[in-house]
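Close look at the chain arrangement
Listed here are the chains, written in short residue letters.
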Amino acid sequence: MNNREAIEMMTRCKHEIQSLRAQIDRLKPKADAYDNLALVLSLLPRQSVGMGEDLVWVLDKRMRELRPDDNTTEGT
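Rules and cut-offs
- Residues numbered from 1 in each chain as written.
- Predicted model: local features only at pLDDT ≥ 70, side-chain atom pairs only at ≥ 80, totals over all residues.
- Heavy atoms only, no water.
- Helix = DSSP H or I, 4+ residues; strand = E, 2+ residues; numbered from the N terminus.
- Expected span 1.5 Å × (residues − 1).
- Bend = angle between axes of the 7 residues up to and from the residue.
- Polar contact = N/O pair within 3.5 Å; in protein donor to acceptor, adjacent residues only side chain to side chain.
- Salt bridge = Lys/Arg side-chain N within 4 Å of Asp/Glu carboxyl O.
- Buried < 20%, exposed > 50% of the residue type's maximum accessible area, 1.4 Å probe, protein only.

1. Examining helix α1 (residues 3–40)
Given a rise of 1.5 Å per residue, 38 residues ought to cover 56 Å, and the 54 Å separating the end C-alpha atoms of α1 matches this to within 8%. At L27, α1 shows its largest kink, close to 40°, and the proline P29 lies no more than four residues downstream. Near the N-terminus of α1, the side chain that reaches the backbone nitrogen of R4, with its oxygen 3.1 Å away, is that of N2.

Printed below as a string of structure tokens:
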């Protein structure tokens, strides 16, 4: 590759990057609006606030139920 070809390739790359940056600038407000709307509608995953079932708690509960020393009324 000679210098002229390298300069042409770099120029095309520069224009492509500038074009993509401009496209991102145009789409960013729409993406931000979508994210805000999704948050309002609770469509985005969020950190649990304790409303879901805790698997560790369920396992502990079942283990307590199955232990004979913790469940003295079972089998009588």
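After that view of the structure, there is still more to cover.
2. Looking at the pattern of salt bridges
What the rule picks out here adds up to 4 salt bridges. A salt bridge links E8 to R4, with the nearest nitrogen and oxygen atoms 2.6 Å apart. Within this pair, E8 and its partner R4 are both found in helix α1, separated by 4 residues, close to a single helical turn. Residue classification places R4 among the exposed positions, given a relative accessible area of 53%. With a closest N to O distance of 2.5 Å, R62 and E65 form a salt bridge. On the criterion of helical spacing, the pair formed by R62 and E65 is a turn pair, its members being 3 residues apart in helix α2 (residues 55–66). A residue is classified by how much of its surface remains accessible, and R62, at 43% relative accessible area, is partly exposed. For E65, a relative accessible area of 29% puts it in the partly exposed group.

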